[in-house]
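# Coordinates in review
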Amino acid sequence: MRNGETVNLPIVNDTMENNNQPPALRFFAQLISFLFHPLFIPTYIAAYLLYQHPYAAAGLNEKLKLYRFFSVVFITAFLPAFSIFLMKQLGFIQSIFLHTQRDRIIPYIVSMVFYWWSWHVAKNLHYNPAFIAMFLATFIGCIAGMMCNIYFKISMHGIAVGALFVFFMWMSFSGTVSMGPYLAIATIITGLVCTARFIASDHNSIEVYAGLFTGMLCQWIAIGIAG
């Protein structure tokens, strides 16, 4: 207060700071956010298990590996993305980018159904435990994300990379396969994606960190059940 007058100071928050980032940096952050979109994370993990890990797909010929890979892409990426597109066309959501908590409610529920189905099939067909843990984590992550969405707009990217990081940490310490390079890559991806969400999204730091730790917890729970 000065001379009887109230001085209103501007409120600076994470979102305002994000909007002041250089355009080139924001473009790079948006590119990272797209490349490692939550819908793509199960595909990347499946590609590693099928084509890089020496034991996860043991006994499968190339045709069966390709079939399983495209099954993962279809169920965990294509179907949820196509459902969101239809919701936008039918007017159930305002944007395919799901900017608001309201827009995220139905996509969470629909994705939950697809991820539950992928886990159910993997479990009953006796997939490698790594596959089962991955699918279960995506299902639990959807449940956790939807519950948190009631109170705040938790970062879905954070949930996805949190699960990714713990998955590769588990793989590193639970077997005899050298996982150092893959764990390092997963760690870098996790850091890049979280940083990108600070720069190129309207999330604040609490929403991003909450997503990261929620994803980590969901993956640990899935490992405990499936591993």
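Cut-offs and rules
Residues numbered from 1 in each chain as written. Predicted model: local features only at pLDDT ≥ 70, side-chain atom pairs only at ≥ 80, totals over all residues. Heavy atoms only, no water. Salt bridge = Lys/Arg side-chain N within 4 Å of Asp/Glu carboxyl O. Helix = DSSP H or I, 4+ residues; strand = E, 2+ residues; numbered from the N terminus. Buried < 20%, exposed > 50% of the residue type's maximum accessible area, 1.4 Å probe, protein only. Expected span 1.5 Å × (residues − 1). Polar contact = N/O pair within 3.5 Å; in protein donor to acceptor, adjacent residues only side chain to side chain. Core = buried A, V, L, I, M, F, W, Y, C linked by side-chain atoms within 4.5 Å. Contact = heavy atoms within 4.5 Å. Axes fitted to C-alpha atoms, helices over the stretch in contact; angles between N-to-C directions. Parallel < 35°, antiparallel > 145°, perpendicular 65-115°, else oblique. Left-handed = near helix turned anticlockwise from the far one by under 90°. Nonpolar A, V, L, I, M, F, W, Y, C, P; charged D, E, K, R; others polar.

## Regarding the pattern of salt bridges
Summed over all chains, the structure comprises two salt bridges. We note a salt bridge from Glu 62 to Lys 65, for which the minimum N-O separation is 3.9 Å. Taken together, the residues span about one helical turn, with Glu 62 and Lys 65 both in helix α4 (residues 62–90) at a distance of three residues. Accessibility expressed as a relative area gives 52% for Glu 62, which makes it exposed. A salt bridge links Lys 153 to Asp 202; the shortest N-O distance between them is 2.7 Å. In this pair, Lys 153 sits in the loop between α6 (129–149) and α7 (156–173) while Asp 202 sits in the loop between α8 (180–200) and α9 (205–226), placing the two residues 49 residues apart along the sequence.

## Here we look at α6
Helix length check: α6 (21 residues) gives 30 Å between terminal C-alpha atoms against 30 Å at 1.5 Å per residue, within 8%. The N-cap of α6, judged by a side-chain oxygen 2.9 Å from the amide nitrogen of Ala 130 a few residues on, is Asn 128.

## Digging into the nonpolar core
Counting residues in hydrophobic clusters, the biggest one holds 56 residues, and the most contacted among them are Ile 45, Leu 49, Phe 131, Phe 135, Phe 167, Phe 168 and Met 171. Residue assignment for this core shows that the elements contributing at least two residues are α2 (23–35), α3 (41–51), α4, α5 (101–124), α6, α7, α8 and α9. With residues near it in sequence (within four places) discarded, Leu 49 still touches Ala 56, Ala 57, Ala 130, Phe 131, Phe 167 and Met 171. Counting residues in hydrophobic clusters, the runner-up holds five residues, among them Tyr 108, Cys 148, Ile 159 and Ala 210.

## What to know about the side chain of Ser 118
As for its position among the elements, Ser 118 is in helix α5. The buried category is assigned to Ser 118, whose relative accessible area is 5%. A polar side-chain atom of Ser 118 sits 2.7 Å from the main-chain carbonyl oxygen of Tyr 115. Apart from residues lying up to four places away in sequence, Ser 118 is in contact with Ile 75, Thr 76 and Phe 135.

## Notes on the packing of α7 against α8
Where α7 meets α8, the closest approach of the two axes is 9 Å, and the angle between their N-to-C directions is 165 degrees. Taken together, the axis directions place α7 and α8 in an arrangement best described as roughly antiparallel. Between α7 and α8 the crossing geometry is left-handed. On α8, the residues touching His 157, Val 161, Leu 164, Phe 165, Phe 168, Met 169 and Ser 172 of α7 are Tyr 182, Leu 183, Ala 186, Thr 187, Ile 189, Thr 190, Val 193, Cys 194 and Arg 197. In the contact of α7 with α8, the residues fall into 11 nonpolar, four polar and one charged.

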